[in-house]
Amino acid sequence: MEQKIYDAYCDILNQELLTALGCTEPIAIAYAGAKARQILGALPDSVLVEGSGNIIKNTKSVVVPGILFGNPDKLLQVLCDIRPQDKPLITEFAKSGKVKVVPADTDKIFYIGVTVRHGSESAKVVIEDQHTNITLIRKNDKDLLKKAEQADKDFDEKYSLLSVKDIIDFADNADLTPVKAALENQITLNSVISEEGLKNNWGVGIGRILAANGDVESRAIASAAAGSDARMSGCELPVVIVSGSGNQGMTASLPVITYAKELNSTHDLLLRALAVSDLMTIHQKTGIGKLSAYCGAVSAGVGAACGIAYLKGGRYEAIAHTAVNALAISSGIVCDGAKASCAGKIATAIYSGLLGYKMYLAGHEFVSGEGIVTKGVDNTIANVGRLARQGMKETDKEIIKIMTE
């Protein structure tokens, strides 16, 4: 494969497969809050959190371990160093009435602003577009950091190189050394939280319900659902995310890991299948955006099914048909925020992905002209991006209204 594409795919995987403790939108707020407190230099008398609609949607119902008390140098692991003795202080501060949350006056999909005050001193931190992208740091009336708003051309160019054909070429032929640590971390951390979700009573127990069936398909679906059961309910275990989402990171990886164990696949093959799943997920999400009304679990469920098809020897034809079939089945599941029911949506998305693969094996497929399906898998993926980014704008607004009335 071309060196440019190889370098881009390695960069994408290393940029996307990040470790996060807690649901990523609340954790991004915690990161902004911890940074603002660091700049202020004191425990605030008051905190104002401004969030765009999608930020409010994805923080309203999910449980996370804390805010303001973390270490901003740890980015999305900002809360990993919180000590047991700090937790009563966090609870007391949360109940003090010092924190106010308001909708941000912005058209941006992803916007977080945290302003903290202590006496006459103040500090403000703004995050935009991505979970750790601080665009403003202000102490009192002085800007310590202010980024000009501009498109990241290198970011756009790298992601525009994603295609199903090249993803498979990368998985088949690439030296995975530059991304091996990220993939190994994904296996280790996501497996641990999945096991926790299967072992103990988290959320509504979707994973445990499915695991009782015993067959490999049920166990594969259960593995991801159980991780979400735990994570959405405040489990203090880190995960490796994909496309800015822990649920998507678990959905893209855990079913592939389960099938690799069942098939006695080599470790190298597992890593390559995970690369397929992760990159297929990211390829779909590139057109959709980090946050939207379109449930990201659908993209990751498709990615997981493509990774499983790869494990079983499927290559371009199998993976392309799996993706198109699955997208025809499950596109349209809405995102109404991070919460316990995400585990059920994950289960549905993975099942749809596997059904798309089974259709291919049986010689059946959805064809161009049937709904959003068009000729060429990458073109169908582009249609999904258009549907989610443009077509579901008003849906997103209505979901937010329903959730906040």
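For the structure itself, look to the data block above.
Residues numbered from 1 in each chain as written. Predicted model: local features only at pLDDT ≥ 70, side-chain atom pairs only at ≥ 80, totals over all residues. Heavy atoms only, no water.

Novice: Where do I start with the overall build of the chain in this structure?
Specialist: Along its length, the chain carries 16 helices and eight strands. Against the compact-globule benchmark of 22 Å for 405 residues, the chain has a radius of gyration of 21 Å, which places it among compact chains. Projected onto its principal axes, the C-alpha coordinates of the chain cover approximately 70 × 45 × 45 Å. Contacts spanning at least 24 positions in sequence make up 77% of the contacts within the chain whose residues lie at least 6 apart. Surface exposure of the chain reaches about 17100 Å², of which carbon and sulfur atoms provide 51%. (Helix = DSSP H or I, 4+ residues; strand = E, 2+ residues; numbered from the N terminus. Rg over C-alpha atoms; globule rule 2.2 N^0.38 Å. Contact = heavy atoms within 4.5 Å. Areas by Shrake-Rupley, 256 points an atom, 1.4 Å probe, with all protein chains shown as cover.)

Novice: Whenever I open this one, the side chain of S253 confuses me. Can you help?
Specialist: The residue S253 is located in helix α10 (residues 246–263) in this model. The exposure class assigned to S253 is buried, which follows from its relative accessible area of 0%. Setting aside residues no more than four positions away along its own chain, S253 makes contact with Q186, N190 and L274. (Buried < 20%, exposed > 50% of the residue type's maximum accessible area, 1.4 Å probe, protein only.)

Novice: Would you mind showing me how to read empty space enclosed by the protein here?
Specialist: One way to see where empty space is left: roll a probe the size of a water molecule over the atoms. Following the criterion strictly, the structure yields one cavity of 30 Å³ or more and no others. In this structure, the largest cavity spans a volume of roughly 330 Å³. Considering the residues around the largest cavity, the lining is formed by 31 residues, among which N58, S245, N247, Q248 and C335 are closest to the centre. For the lining of the largest cavity, the secondary structure elements donating two or more residues are α2 (24–40), α9 (216–232), α10, α12 (296–311) and α14 (342–361). The class makeup of the residues in the lining of the largest cavity is eleven nonpolar, 13 polar and seven charged. (1 Å grid on protein atoms, 1.4 Å probe; cavity = no way out; pocket = protein on both sides within 12 Å on 5 of 7 lines; lining within 4 Å. Points joined across faces, edges and corners; volume = space filled by probe spheres on them. Nonpolar A, V, L, I, M, F, W, Y, C, P; charged D, E, K, R; others polar.)

Novice: Hey, could you run me through the pattern of salt bridges in this one?
Specialist: Between side chains of opposite charge, a pair can form when the charged atoms approach closely. Counting across every chain of the model gives 14 salt bridges. One continuous salt-bridge network, built from bridges that share partners, spans D336, K339 and K345. (Salt bridge = Lys/Arg side-chain N within 4 Å of Asp/Glu carboxyl O.)

Novice: I keep staring at the side chain of D229 and nothing clicks. Help me out?
Specialist: If you trace the backbone, D229 turns up in helix α9. Buried charge without a salt bridge: D229, with R208 as the nearest opposite-charge side chain at an N-O distance of 7.7 Å. Setting aside anything within four residues of it in sequence, one finds D229 in contact with W202, G203, V204, G205, I206, G207 and A343. (Lys, Arg positive; Asp, Glu negative; His and termini not counted.)

Novice: Would you mind showing me how to read the packing of α9 against α10 here?
Specialist: Packed helices, taken two at a time, are described by their axes: the angle between them and the distance between them. Two elements in contact, α9 and α10, have axes whose closest approach is 8 Å; the angle formed by their N-to-C orientations is 150°. For the crossing formed where α9 meets α10, the hand is right-handed. Here α9 contributes V216, E217, R219, A220, S223, A224, G227, S228, R231 and M232 to the contact with α10, which in turn contributes G246, N247, M250, T251, L254, P255, T258, Y259 and E262. Among the residues forming the contact of α9 with α10, the class breakdown is eight nonpolar, seven polar and four charged. (Axes fitted to C-alpha atoms, helices over the stretch in contact; angles between N-to-C directions. Left-handed = near helix turned anticlockwise from the far one by under 90°.)

Novice: Whenever I open this one, helix α11 (residues 267–288) confuses me. Can you help?
Specialist: Residues three or four positions apart in an α-helix share a direction because the helix packs 3.6 residues into each turn. Here α11 spans 32 Å end to end across 22 residues, near enough to the 32 Å set by a 1.5 Å rise per residue. Among the 22 residues of α11, 17 are classified as buried, and the element is accordingly described as predominantly covered. The positive-phi residue at the C-terminal boundary of α11 is G289, with phi of around 100°. (Expected span 1.5 Å × (residues − 1).)

Novice: Looking at this model, I keep getting lost on unusual backbone geometry. Mind explaining?
Specialist: Most peptide bonds take the trans form, and the phi angle of most residues other than glycine is negative. Of note, the phi angle at L75 is positive, near 55°, even though the residue is not glycine. Following the sequence through the fold, L75 ends up in the loop between α3 (53–57) and α4 (87–94). One non-glycine residue, N264, lies in positive phi territory at about 55°. Looking at the secondary structure, you find N264 in the loop between α10 and α11.

Novice: Explanation requested: the sheet that holds strand β7 (residues 142–146) in the structure shown.
Specialist: Strands in a sheet are paired, the pairing made by backbone hydrogen bonds, and the direction either parallel or antiparallel. Taken in spatial order, the six strands make up an open sheet running β3-β2-β4-β5-β6-β7, and their pairing is mixed. Unpaired on one side and paired on the other, β3 (99–103) and β7 mark the two borders of the sheet. The average angle at which neighbouring strand axes cross in this sheet is 15°, direction not considered. For strand β6 (residues 134–139) and β7, the ladder comprises four bridges, and the chain directions are antiparallel. (Pairing = 2+ DSSP bridges.)

Novice: Got a minute to help me understand the packing of aromatic side chains in this structure?
Specialist: To describe a pair of aromatic rings, one takes the distance between the centres and the angle between the planes. Taken as a whole, this structure holds two aromatic pairs when the rule is applied. Seen from their ring centres, Y6 and F170 are 6.0 Å apart, and the 35° between their planes marks the pair as tilted. Taken together, the residues span a long stretch of sequence, with Y6 in helix α1 (residues 3–16) and F170 in helix α6 (residues 164–173) at a distance of 164 residues. Grouping residues by exposure puts Y6 and F170 together as buried. Pairing Y9 with F170 gives two aromatic rings, centres 5.6 Å apart and planes at 65°, and the pair type is edge-to-face. Placement of Y9 in helix α1 and of F170 in helix α6 is noted, with a sequence separation of 161 residues between them. (Phe/Tyr/Trp six-rings, centres within 6.5 Å; stacked < 30°, edge-to-face > 60°.)

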